[in-house]
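Spelled out, the chains give:
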Amino acid sequence: MKLLSILSIISILSFTTIKAQSVEQVDYETLHKKIDSYKDKIVVVNFWATWCAPCVEEIPAFVEVSEKYKDNPKFKMLFVSLDRVKNLPKVKKFITDNKMNAEVVLLDDVKRMNEWIPSFDKSWAGNIPVSIIYKNGEKVLFHDRAMTKYELEDFITEYLEDK
């Protein structure tokens with residue numbers, strides 16, 4: 001029994017480490033294409049950074065909600081780190097430490113912030129955290145402040161049930 005538990009823990013830790021090791025670096029055009037590729041889903045895109053206190057505070061709620069819906073074929077969570085590429089090891093450690101269970105990409109496009117920020121929403125002033133929810137390829141929510149677990153779940157439930 002103890003051996004099985006230890007093996008289960010090792011397996012879980014290995015999975016988390018593998019996820020943390022595979023952070024794709026993308027430019028904003030690639031990120032838009034990635035989001036567009038999930039046209040048949042509710043996609044929650046969370047823009048965050050390891051240096052952003054409100055972002056760090058809301059991540060556990062997003063992780064918990066992502067875990068709850070991970071088996072729903074109509075749901076996708078995508079975390080977009082706005083950390084600098086040179087801080088990728090810190091991002092990977094953060095992912096592992098916080099057991100982030102969904103896809104994480106690093107948006108490597110700081111020189112074109114004035115282009116990509118309004119490409120996601122014209123009202124976005126560049127602050128984070130920001131969460132955007134897409135349904136069937138269309139943006140249905142732009143939320144430019146921290147979100148609670150209950151707010152996030154309410155939005156997801158609303159858009160999953162909305163036909």
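Everything that follows concerns the structure shown earlier in this document.
This structure is a prediction, so every number in the text was calculated from the model and none was measured.

Digging into the overall build of the chain
Scanning the chain for helices and strands turns up 6 helices and 6 strands. When the elements of the chain are put in sequence order from the N terminus, they spell out α-β-α-β-α-β-α-β-α-β-β-α. When burial is assessed residue by residue, the chain has 45% of its 163 residues classed as buried. Summed over all atoms, the accessible surface of the chain reaches about 9100 Å², with 56% contributed by carbon and sulfur.

Focus on the packing of helix α3 (residues 53-69) against helix α6 (residues 149-161)
The geometry of α3 relative to α6 is characterised by a closest axis approach of 9 Å and an angle of 35° between their N-to-C directions. Two packed elements cross with a definite hand, and for α3 against α6 that hand is right-handed. Here A61, F62, E64, V65, K68 and Y69 of α3 come into contact with α6, specifically with K149, L152, E153, I156, T157 and L160. Among the residues making up the contact of α3 with α6, the classes are represented as 7 nonpolar, 1 polar and 4 charged.

So, how was this worked out
Numbering of residues begins from 1 in every chain and follows the order in which that chain's sequence is written. The predicted origin of the model limits local features to residues at a pLDDT of at least 70 and limits the giving and counting of side-chain atom pairs to 80 or more, whereas totals for whole chains, interfaces and linings rest on all residues. Excluding hydrogens and water, the side-chain values take into account all heavy atoms of the structure. What counts as a helix is a DSSP run of H or I of at least four residues, what counts as a strand is a run of E of at least two, and both are numbered from the N terminus. Exposure classes here rest on a 1.4 Å probe applied to the protein chains alone. A residue is buried below 20% of its type maximum, exposed above 50%, and partly exposed in between. Using the Shrake-Rupley algorithm and a 1.4 Å probe, accessible areas are obtained, with residue cover drawn only from the displayed protein chains. Working convention: axes come from line fits to C-alpha atoms, limited for helices to the stretch in contact. Angles between N-to-C directions cover 0 to 180 degrees. Crossing handedness: left-handed means the near helix sits turned counterclockwise from the far one by under a right angle, and right-handed means the same turn made clockwise. Whether two residues are in contact is decided by their heavy atoms: any pair within 4.5 Å suffices. Polarity classes work like this: nonpolar for Ala, Val, Leu, Ile, Met, Phe, Trp, Tyr, Cys and Pro, charged for Asp, Glu, Lys and Arg, and polar for all others, with Gly in that last group.

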